[in-house]
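Secondary and tertiary structure notes
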Amino acid sequence: SIIIIMNHTAISVSPLEWRQVMKFLSLRQKIETETDHLALDGADRKSESALLAIGRMFANRKWLVILVAKDGDELIGYISIFFARFRKMKVNAYLVLSLRSNYRNQGIGTKLMHEAERVAKGRGIRRLELEVFAKNIRAHKLFKRLGYEEEGRKRQVAEIQAGFDDLILMVKFL
């Protein structure tokens, strides 16, 4: 567990525990509802029950690590690390970072990314991948600052209110 002191408040980062799963599902739903730069939004998961989500997390526990950021007892963000399932690809992992909107731009995303990189290195990962929508300029700048490089772009892949958005593929070698 990592403790970050921000604005006189201790923010902790640690692996998701099974007893926190319902809080995590609630956090994920809040984030998906309040942001427009995720591939999924709240409407995409409406049909998914909590039991199904928990079952999926349990079935994928060998290939998935979720680190959560907490402000006291409240979950405020997370980073998911998806490890490749195939032998030839076992040195690769894929990241998904999400934070509550009122906790952005405070260094918490950076700390989650650093902790995810530490966990990945410990599992023998040498390549981390992620995707970011082009219009999510702050996240794109964060990833570049952390050493992630653009590897490709899927043009006009997402339909949004203002038209379409590109998806930028980024990679970092550890």
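Residues numbered from 1 in each chain as written. Predicted model: local features only at pLDDT ≥ 70, side-chain atom pairs only at ≥ 80, totals over all residues. Heavy atoms only, no water.

1. Notes on the overall build of the protein chain
Spelled out, the test is: A run of H or I in DSSP becomes a helix once it reaches four residues, and a run of E becomes a strand once it reaches two; helices and strands are each numbered from the N terminus. Buried, partly exposed and exposed residues are distinguished by accessible area as a fraction of the type maximum, computed with a 1.4 Å probe on protein chains only: under 20%, between the cut-offs, and over 50%, respectively. Here, residues are in contact when the closest pair of their heavy atoms is within 4.5 Å. All accessibility values rest on the Shrake-Rupley procedure with a 1.4 Å probe; residue burial counts only the protein chains present in the view.
When helices and strands are tallied, the protein chain shows 4 helices and 8 strands. In the protein chain, the succession of α and β elements from N to C terminus is β-β-α-α-β-β-β-α-β-α-β-β. With 174 residues in all, the protein chain has 43% of them scored as buried. For the protein chain, long-range pairs separated by at least 24 residues make up 60% of all intrachain contacts whose partners lie at least 6 apart in sequence. Accessible surface, the protein chain: about 10,500 Å² in total, of which carbon and sulfur atoms supply 52%.

2. Things to note about the environment of L99
Looking at the secondary structure, you find L99 in strand 5 (residues 92-99). L99 gets classed as buried once you look at its relative accessible area, which sits at 10%. Linking L99 and I79, residues 20 residues apart in sequence, is a C-alpha distance of 8.6 Å. Among all residues touching L99, those that are not within four sequence positions of it are I31, E34, I76, G77, R104, I108, G109 and L112.

3. Considerations on the environment of L97
Relative to the assigned elements, L97 resides in strand 5. The class for L97 is partly exposed, based on a relative accessible area of 22%. Separated by 31 residues in the primary sequence, L97 and I66 place their C-alpha atoms 9.9 Å from one another. In this structure L97 touches Y78, I79, G109, L112, M113, L142 and F143, once residues within four positions along its chain are discounted.

4. Digging into the pattern of salt bridges
What counts here: A pairing counts as a salt bridge when a side-chain nitrogen of Lys or Arg comes within 4 Å of a carboxyl oxygen of Asp or Glu.
Within this structure, the stated rule accounts for 7 salt bridges. Residues R19 and E17 are paired through a salt bridge, measuring 2.8 Å at the closest nitrogen-oxygen approach. R19 sits in the exposed class, given a relative accessible area of 68%. E34 is the salt-bridge partner of R100, the closest N and O atoms lying 3.0 Å from each other. With a gap of 66 residues between them, R100 in the loop between strand 5 and helix 3 (108-122) and E34 in helix 1 (residues 21-34) connect regions that are remote in the sequence. When salt bridges with common partners are traced through the structure, they connect R127, E129 and E151 into a single cluster.

5. Comments concerning helix 3
Defined as follows: Helix span is expected to be 1.5 Å times the residue number reduced by one.
Taking 1.5 Å as the rise per residue, helix 3 with 15 residues should run 21 Å; its terminal C-alpha atoms sit 21 Å apart, in good agreement. Taken as a whole, helix 3 has its buried residues at I108, G109, T110, L112, M113, E115, A116, E117, V119 and A120. Two residues or fewer past helix 3, G124 is found with a positive phi of approximately 80 degrees.

6. Quick notes on the pairing of strand 8 (residues 163-173)
Inclusion rule: We call two strands paired when DSSP finds no fewer than two bridges between them.
Note that strand 6 (residues 127-133) and strand 8 share 7 bridges and pair antiparallel. When the bridges of strand 8 are listed, L130 appears paired with M170. Connecting strand 7 (residues 149-160) to the next strand, strand 8, in antiparallel fashion are 2 residues.

From the geometry alone we can't say anything about function, so treat these as descriptive.
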